[in-house]
Amino acid sequence: KGNTFAKQNNFRAALLQYQEALRWKSDFTAALNNSGNCHIMLQQHDSAMLFFRRAAEADPGNVKALMNLSYTLQQSGDTAQARMYLERAKALGAR
């Protein structure tokens, strides 16, 4: 349901669905990453960063989470951390 709402640009409703999924499985990386994406779309970069970090911690091999975290850190001005996560994603096969 969360993805359906996100595709309709209803990011607040999508977040509610992802939060429900995370109540059942707090390390559900897809829900964590998708929550971060919704927060980006809502211009809530600090919240997005928290969700991307949680996704990367839950699954250190999650390239999407690492790339999203790198992007968010870059946007916030933390280029050193952004570079670190980008390099980690590249080492896992990201282009």
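Residues numbered from 1 in each chain as written. Predicted model: local features only at pLDDT ≥ 70, side-chain atom pairs only at ≥ 80, totals over all residues. Heavy atoms only, no water.

(A) Local environment of the pattern of salt bridges. Evaluated as defined, the whole model comprises two salt bridges. Arg-23 is the partner of Glu-20 in a salt bridge, and the nearest nitrogen-oxygen pair spans 2.4 Å. Pair noted here: Glu-20 and Arg-23 are both in helix α2 (residues 11–24), with a separation of three residues, about one helical turn. Judged by its relative accessible area of 34%, Glu-20 is partly exposed. For Arg-23, a relative accessible area of 60% corresponds to the exposed category. In this structure, Asp-27 engages Lys-25 in a salt bridge whose closest nitrogen and oxygen atoms are separated by 3.2 Å. (Salt bridge = Lys/Arg side-chain N within 4 Å of Asp/Glu carboxyl O. Helix = DSSP H or I, 4+ residues; strand = E, 2+ residues; numbered from the N terminus. Buried < 20%, exposed > 50% of the residue type's maximum accessible area, 1.4 Å probe, protein only.)

(B) Layout of helix α5 (residues 63–76). Here α5 spans 20 Å end to end across 14 residues, near enough to the 20 Å set by a 1.5 Å rise per residue. Along α5, the residues classified as buried are Ala-65, Leu-66, Leu-69, Ser-70, Thr-72 and Leu-73. On its buried face, α5 is in contact with α3 (29–41), α4 (45–58) and α6 (79–91). Measuring from the backbone nitrogen of Lys-64 back to the side-chain oxygen at the start of α5 gives 3.2 Å, which picks out Asn-62 as the cap. Phi turns positive, to about 95°, at Gly-77, one or two residues after α5. (Expected span 1.5 Å × (residues − 1). Contact = heavy atoms within 4.5 Å. Polar contact = N/O pair within 3.5 Å; in protein donor to acceptor, adjacent residues only side chain to side chain.)

(C) Geometry of the nonpolar core. With 24 residues, the main nonpolar core has Tyr-18, Cys-38, Leu-69 and Leu-73 as its most contacted residues. Contributions of two or more residues to this core are made by α2, α3, α4, α5 and α6. Residues contacting Tyr-18, with those up to four places away along its chain left out, are Gly-2, Asn-3, Ala-6, Ala-31, Asn-34, Ser-35 and Cys-38. (Core = buried A, V, L, I, M, F, W, Y, C linked by side-chain atoms within 4.5 Å.)

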